[in-house]
2 protein chains.
Amino acid sequence: MNEQKFCYKYPHPSVTADCVIFGFDGVSIKVLLIQRGIEPFKGKWAFPGGFMKIDETAEECARRELEEETGLKNAAVEQFYTFSDVNRDPRERVVTVAHYALVRLSEVKGGDDAASARWFAMDEVPSLAFDHDRILRMAVNRLKERICFEPIGFELLPEVFTMTELQNLYEAILEVKFDRRNFYNKMLKLGILSEAEPRPANATNRTPNKYRFNAEKYAELKQKGFRLEF
Amino acid sequence: MNEQKFCYKYPHPSVTADCVIFGFDGVSIKVLLIQRGIEPFKGKWAFPGGFMKIDETAEECARRELEEETGLKNAAVEQFYTFSDVNRDPRERVVTVAHYALVRLSEVKGGDDAASARWFAMDEVPSLAFDHDRILRMAVNRLKERICFEPIGFELLPEVFTMTELQNLYEAILEVKFDRRNFYNKMLKLGILSEAEPRPANATNRTPNKYRFNAEKYAELKQKGFRLEF
DNA sequence: GTCCAATTGCGTAAAAATAACGCATTTTAT
DNA sequence: ATAAAATGCGTTATTTTTACGCAATTGGAC
């Protein structure tokens, strides 16, 4: 017997949410990929993703996928583009709402099927399933744009970090090099960092200051209309 | 008899594309709205939009809506967000891929049903149908962001324009005021404008220079990695 | 242990970009 | 006829960005 019980006058595409999960290991940006166990594209790597349920938004769907793979509930997730090419899935018409998530690698537990999931550095990413190559390019571009104007970078770092770690993150994402001292001055002048602990009197060099992102200060500044700019 | 002949194992949302159409009349930004003739939200204003066909992309769908309302085939259209709130349409689950289009008002012909279509200045826009208030806010924000980094503003102006017209456009979109002389210098220094016709020797003041957007120059500059910045 | 290279905090000076404003001329509106 | 507004083309002051110096300290090589 046929179980196709949801019927419509016109053909409806399937809607999925995909989630490009970015992490940062202190040196380079990584992305979490899943190896496909079934056709099509069996054996190829792809982003976590799945069908949107009828009672959840696309973002909720993306968060669900994120949690399944990483155990994380509260990461930063943002929708960045919807891909609707007619033949992007060979089986049927599928429209996917693509998101990216920024996670702290230290907080990531292995997902349900860790066996088939792996972190890839950006320059190690193989050719992907479906149109996921294009999705990744777009995600990276959006991340680059975003990190210049919103302090999303902090979502990738530990709560407490050094200025060098923060600079490494910016350099990894934007693929540029900054002068260490200018980066330091600029960041501090922005006023969105607070010292994690007061620098001890006997502190010497080579014992870097630790900072944390100050969300309250940022909210204040943002209200006054302020941009990060890099 | 029932015509519901497209059947699926799981419920599928409808997918639509909406198109926020922006124009510029030399003074203020306008948006094209359609008055709904049927429930829900009968009598309320909304953006042109409609169901995505099974063999077209969301952008093609948005362009189709745009052409129906304005007669324009080649306007600038960009997807900016997909709205998937569960109850955004009271009838059924509808996911909409929202786009904005930038059109030259002079090129717009009345659409199929011009009777129910009207241009509204941004500060005249009434409360809209569905979640279109939110869609408009987001479209405007995206437009503001975009115009700072991509020369999309020229899509709203006639081919040939004066510096004052260009400034008025930027001021209308960004809701700020620029010093006329600084704006003039900055724009010229960017190098993406060419004089529409050489300024005649007998030209006097009060006969403003005419410019046009130089796409070739812009492509060159963009390649070298350059940003507009305002 | 000694020594060198790398790291960190804190500055300063030059260069570039931005913002503020001047002025003569010409046209439109009153 | 006259005042007000628009235009082209500047200049100057201020702010921001960039380039770089320097001393102190640590980790690693040997």
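The structure this text deals with has already been given above.
Each chain carries its own residue numbering, running from 1 in the written order of its sequence. Chains carry letters from A onward and ligands carry numbers from 1 onward, assigned in written order. This being a predicted model, a pLDDT of at least 70 is required before a residue's local features are given, and a value of 80 or more before pairs of side-chain atoms are given or counted; all residues contribute to the totals for chains, interfaces and linings. As a convention, hydrogens and water are excluded, and side-chain values are obtained from all of the structure's heavy atoms.

Caption draft 1: Broad picture of the sheet that holds strand β11 (residues 210-213) of chain A. Here a strand pair is declared whenever DSSP counts at least two bridges between the two strands. Strands here are runs of E lasting at least two residues and helices are runs of H or I lasting at least four, both read from the DSSP assignment and numbered beginning at the N terminus. The three strands are arranged β9-β11-β10 (chain A) in an open sheet whose pairing can be described as antiparallel. Looking at strand neighbours, the two that pair on one side only are β9 (161-162) and β10 (193-195) of chain A, the edges of this open sheet.

Caption draft 2: View of the sheet that holds strand β10 (residues 193-195) of chain B. Residue and element names in this part refer to chain B. A sheet is described by the order of its strands in space; here three strands give the open sequence β9-β11-β10, paired in antiparallel fashion. Only two strands of the sheet have a single partner each, and these edge strands are β9 (160-162) and β10. Neighbour-to-neighbour, the strand axes of this sheet turn through a mean angle of 45°, independent of strand direction. One ladder, built from three bridges, connects β10 with strand β11 (residues 210-213); its direction is antiparallel. By the bridge assignment, Glu 195 is partnered in β11 with Tyr 211. Lines fitted to C-alpha atoms define the axes, with helix axes restricted to the stretch in contact, and inter-axis angles between N-to-C directions lie between 0 and 180 degrees.

Caption draft 3: Highlighting the environment of Asp 89 of chain B. All names here are of chain B. For Asp 89, the position within the fold is in the loop between β6 (76-83) and β7 (94-102). Burial classes: relative accessible area under 20% of the type maximum marks a residue as buried, over 50% as exposed, and values in between as partly exposed (1.4 Å probe, protein chains only). Owing to a relative accessible area of 7%, Asp 89 belongs among the buried residues under this scheme. Counting along the chain gives 27 residues from Asp 89 to Ala 62, while the straight-line C-alpha distance between them is 18 Å. By the convention used here, residues are in contact when the closest approach between their heavy atoms is within 4.5 Å. Every residue in contact with Asp 89, bar those within four places of it in the chain, is listed here: Val 94 and Phe 130. Polar side-chain contacts of Asp 89 include one of 2.7 Å to the side chain of Arg 91. Each polar contact in these results corresponds to two N or O atoms within 3.5 Å; when the atoms are within protein, one needs to be able to donate a hydrogen and the other to accept it, and residues that are neighboring in sequence are counted only if both atoms are side-chain atoms.

Caption draft 4: Looking closely at the side chain of Thr 57 of chain A. With respect to the secondary-structure elements, Thr 57 of chain A resides in the loop between β5 (49-51) and α1 (58-70). Aside from chain neighbours lying at most four places away, what touches Thr 57 of chain A is Met 52 of chain A together with Ser 84, Asp 85, Val 86 and Arg 93 of chain B.

Caption draft 5: Geometry of the nonpolar core. Core analysis: the largest hydrophobic core is formed by 46 residues, its most contacted members being Val 20, Phe 22, Phe 80, Leu 136, Leu 166, Tyr 170 and Met 187 of chain B. Among the elements that make up this core, the one with the highest residue count is helix α2 (residues 132-149) of chain B (eight residues). Once residues within four sequence positions are removed from consideration, Tyr 170 of chain B is found in contact with Ile 147, Glu 175, Phe 178, Phe 183, Met 187, Leu 228 and Phe 230 of chain B. Listed in part, the 44 residues of the second largest apolar core include Ile 29, Val 140, Ile 147 and Ile 152 of chain A. Remark: nonpolar core denotes a set of buried residues (Ala, Val, Leu, Ile, Met, Phe, Trp, Tyr, Cys) joined through side-chain atoms within 4.5 Å.

Caption draft 6: Layout of the state of the cysteines. Note on disulfides: each one is a pair of cysteine sulfur atoms within 2.5 Å. Counted by the stated rule, this structure contains one disulfide over all chains. What pairs with Cys 7 of chain A in a disulfide is Cys 7 of chain B, and their sulfur atoms sit 2.1 Å apart. An S-S torsion of about 115° defines the bridge between Cys 7 of chain A and Cys 7 of chain B as right-handed. In this pair, Cys 7 of chain A sits in strand β1 (residues 6-8) while Cys 7 of chain B sits in strand β1 (residues 6-8), so the two residues belong to two different chains. Relative accessible area serves as the criterion here: at 26%, Cys 7 of chain A is assigned to the partly exposed category. Free of any disulfide, Cys 19 of chain B has its nearest neighbouring cysteine sulfur in Cys 61 of chain B, separated by 9.3 Å.

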